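Structural overview for review
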Amino acid sequence: MKCLVDAQQISKKYNNRVIVKPSDFQVNEGSITVIEGKSGSGKSTFLGMLAGLEKPTKGRLYYQGKSFYQLSDEEQSDIRGSAFGFVFQSFQLIPELTVRENIELPLNFSKEDTIWTADNVAKELGIDSKLEYLPGRLSGGEQQRVAIARALITAPKIIFADEPTGNLDSKTTKQVVELFTQLNKKHGIAFVIVTHEKGLIKETQDLYMMENGVITGENHV
């Protein structure tokens, strides 16, 4: 498998408090990686560093062999806007925009052409009949599907998901998990998911645990 993200001894400190201890980590093309941990374990901070959203206090992050933080701000933004997709627990939809407009937002920040349109992404996720709705008219599960569609619109190589099922009931959680695995198999998109839920995705190729800023893992490839 081709390595997309290679983190070497990355760590994070806030106000002299160590949030993430020095860690090595790789994200491979087409993989599903899950990081489990309790609230406050450092997993969301770790995900933010892998996704280029938070600069490590120490260590290096490489994307496809390029040292990410030695790139210009514009080059970093280009990678985040085109190669990375993001899904969050709180959905982070803009209430004044329609579903279509929310899905299309990342296109404003991407310089790459994409194979996706709001229509075909929405159809794949079963929300094509909701494109002209405002988010407030949707259920929690439908809002999360919109958030996933927004992450997909640039045809990213990796989707980073931070507690993507944290606000969902068990039935909707199962549906979202099935969507992730289907998108992985059909389009080869890699997923890095942090969660407090044990055994969230049975098809996980790499399972890691995080506790008190320390990450340990089991490789199933």
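The chain appears in an unreviewed UniProt entry as ABC transporter ATP-binding protein from Gracilibacillus pellucidus.

1. A short note on the overall build of the chain
When helices and strands are counted, the chain shows six helices and 10 strands. Scaling as 2.2 N^0.38, a compact globule of 221 residues should have a C-alpha radius of gyration of about 17 Å, and the chain matches this with 17 Å. When the backbone C-alpha atoms are referred to their principal axes, the chain occupies close to 45 × 40 × 35 Å. Looking at the chain as a whole, 51% of its 221 residues qualify as buried. Nonlocal contacts in the chain, meaning residues at least 24 apart in sequence, comprise 70% of its contacts between residues at least 6 apart.

2. Looking at unusual backbone geometry
Phi is positive for N16, close to 65°, though the residue is something other than glycine. The backbone of E163 sits at a positive phi, close to 50°, despite the residue not being glycine. By the secondary structure assignment, E163 is in the loop between strand 7 (158–162) and helix 6 (170–187). For E163, a relative accessible area of 8% corresponds to the buried category.

3. Description of the packing of aromatic side chains
Working definition: an aromatic ring pair is given by the centre-to-centre distance plus the angle between the planes. Enumeration over the complete set of coordinates arrives at nine aromatic pairs. Taking the centre distance of 5.1 Å and the plane angle of 80° together, the rings of F84 and F160 count as edge-to-face. Here F84, found in strand 6 (residues 84–88), pairs with F160, found in strand 7; they are 76 residues apart in sequence, far enough to count as distant. Taken individually, F84 and F160 each receive the classification buried, so the pair is uniform in this respect. Residues F86 and F88 carry aromatic rings whose centres are separated by 6.4 Å and whose planes lie at 5° to one another, so their mutual orientation is stacked. The buried category is assigned to F86, whose relative accessible area is 16%. Here F88 falls in the partly exposed class, since its relative accessible area comes to 23%.

Rules used throughout
Residues numbered from 1 in each chain as written. Predicted model: local features only at pLDDT ≥ 70, side-chain atom pairs only at ≥ 80, totals over all residues. Heavy atoms only, no water. Helix = DSSP H or I, 4+ residues; strand = E, 2+ residues; numbered from the N terminus. Rg over C-alpha atoms; globule rule 2.2 N^0.38 Å. Buried < 20%, exposed > 50% of the residue type's maximum accessible area, 1.4 Å probe, protein only. Contact = heavy atoms within 4.5 Å. Phe/Tyr/Trp six-rings, centres within 6.5 Å; stacked < 30°, edge-to-face > 60°.

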